[in-house]
Each structure stands twice: as structure tokens, then as C-alpha cells.
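Residue-level listing of the chains:
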Amino acid sequence: MSVSTKRKHVTREHMVGELCLLKEDESVVRLVEGRGHNLHLVTNASGDEFLVSMPSKFRRSVWVKKGDFLIVKPISEGTKVKAEITKILDSEYIKFLKEQGVWPDEFCAKVSEENMFDGGNPNKRGEPEGASHSETSTDDSD
């Protein structure tokens, strides 16, 4: 399988993935900061901070930023790195987990704060409402 084909399948799996409940060993964490070399500092619902690794299938096709919510699975072989990222949560997945009653209460206030800062607008890229990536300015009145 070529690199571009693999990237396409990983992106499709992430973007159109099925909404499912957490497995018994998985947990929801919030990304605090990136530490480099595909390691990220996260905090769990109880406030503990630890390092997680980004699996190689995500490394060049999916990006995370500070404040994102992730699903992680613990790994046993690490002393500093405690878990590995399995899913990156978007707003639809978070809403699904809240409806099912498995979303940690400690993260509820943080999600509502983020919505307050961006005006409740799901468009987090800072583009004006109604603008899309395909629209370009064709003003030739210079």
C-alpha cells in the first residue's frame, strides 16, 4: 500500500469513524501540550498529568492541538509514557459520549468554556461565518 493510500484510509477512518462507547481500558484525556517526537502531555479527569504517544499511523495524517480531547489506551512497557492515542475526539463524538453518560464531569466545564470563547461557533479556524476554503477574493480594483 502506498503512503498516500494509507494516509487516505487513516484520515477516512478518523473523519468518518463509527461512534462507539469507550472500551473498559480506554479513557478520555485532554491535551495539555506537545512535547515533541510524537509525545504529548495530557491530563485525565482526576487531574493527573502524563505522557502519551501518537501511533505511527496518525503521525503524518492527523494533527492535534492544545485543548483537544483524546481517547487513550494504557501501555504497560513504558515508565514515562503511560498510554497511546487511539482516537481524536471531535465535537460530534463528544456530544455522543455526553448523551451516553460516559463523558467525565470534570471535562464538562472545559468544553462549555471553549464554546463560550469561540462564540459557540463550530468553525474554530477563525474564518468568518459563511466563508469557505474555496472562496477567493477576486477584487481587481487596485
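One can find the structure itself at the top, above this paragraph.
In this text, all values refer to a predicted model and were calculated from it rather than measured experimentally.

**Overview of the environment of F107**
With respect to the helices and strands, F107 occurs in the loop between α2 (91-100) and α3 (108-117). Taking relative accessible area as the criterion, F107 reaches 1% and is therefore assigned buried. Between the C-alpha atoms of F107 and F69, which are 38 residues apart in sequence, the distance is 9.3 Å. Non-local contacts of F107, meaning those with residues more than four positions away in its chain, are made with V28, V29, R30, T43, N44, A45 and F69.

**Brief notes about the nonpolar core**
Counting 14 residues, the largest nonpolar core has V42, V52, L70, V72 and I85 as its most contacted members. When contributions to this core are tallied by element, the ones reaching two or more residues are β1 (27-36), β3 (49-53), β4 (69-74) and β5 (81-88). Per-element accounting of this core gives the leading share, 3 residues, to β5. Once residues lying within four places of it in the same chain are set aside, the contact partners of V52 are N38, L39, H40, V42, V72, V81, A83 and I85. Core analysis: the next-biggest nonpolar cluster, separate from the first, contains 10 residues, F69, I94, L97 and W103 among them.

**Some points on the pairing of β1**
When β1 meets β4, the two strands line up antiparallel, connected through 4 bridges. Paired with S27 across the two strands is V72, which belongs to β4. In this structure, the hairpin formed by β1 and strand β2 (residues 39-43) is closed by a connection of 2 residues, where H37 is found at a positive phi of approximately 55°.

**What about the sheet that holds β5?**
Across a sheet, strands are paired by hydrogen bonds formed along the backbone, either parallel or antiparallel in direction. The strand order β1-β2-β3-β5-β4 describes a closed barrel built from 5 strands, whose pairing is mixed. Geometrically, the sheet is characterised by an average inter-axis angle of 55° between neighbouring strands, direction not taken into account.

**Considerations on the packing of aromatic side chains**
In total, this model carries 4 aromatic pairs according to the counting rule given. Taken together, a centroid distance of 5.1 Å and an interplanar angle of 70° make the contact between F69 and W103 edge-to-face. Of this pair, F69 sits in strand β4 while W103 sits in the loop between α2 and α3, and the two are 34 residues apart along the sequence. Across the pair, exposure class does not vary: F69 and W103 are buried alike. Centre to centre, the rings of F69 and F107 are 5.2 Å apart; their planes meet at 65°, and the pair counts as edge-to-face. Taken as a pair, F69 in strand β4 and F107 in the loop between α2 and α3 lie far apart in primary sequence, 38 residues in all. For the pair formed by F69 and F107, the shared burial category is buried. Through pairs of rings, three or more aromatic residues link up here, namely F69, W103 and F107.

**So, the environment of S91**
The residue S91 is located in helix α2 in this model. Overall, the relative accessible area of 61% leaves S91 in the exposed class. In the structure, S91 is positioned 22 residues away from F69 in sequence and 9.4 Å away in space, judged by C-alpha atoms.

**Examining α2**
Inspection of α2 places Y93, I94, F96 and L97 among the buried residues, and these make up the whole buried set. On an axial view of α2, the arc spanned by its buried residues comes to 160°, and they lie on one face. Exposed residues lying more than 90 degrees from the buried face of α2 are S91, E92, K95 and E99. Here the buried face of α2 lies against β1, β4 and β5. At the exit of α2 stands G101, carrying a positive phi of roughly 80°.

The rules we used
Residues numbered from 1 in each chain as written. Predicted model: local features only at pLDDT ≥ 70, side-chain atom pairs only at ≥ 80, totals over all residues. Heavy atoms only, no water. Helix = DSSP H or I, 4+ residues; strand = E, 2+ residues; numbered from the N terminus. Buried < 20%, exposed > 50% of the residue type's maximum accessible area, 1.4 Å probe, protein only. Contact = heavy atoms within 4.5 Å. Core = buried A, V, L, I, M, F, W, Y, C linked by side-chain atoms within 4.5 Å. Pairing = 2+ DSSP bridges. Axes fitted to C-alpha atoms, helices over the stretch in contact; angles between N-to-C directions. Phe/Tyr/Trp six-rings, centres within 6.5 Å; stacked < 30°, edge-to-face > 60°. Arc of directions from axis to C-beta.

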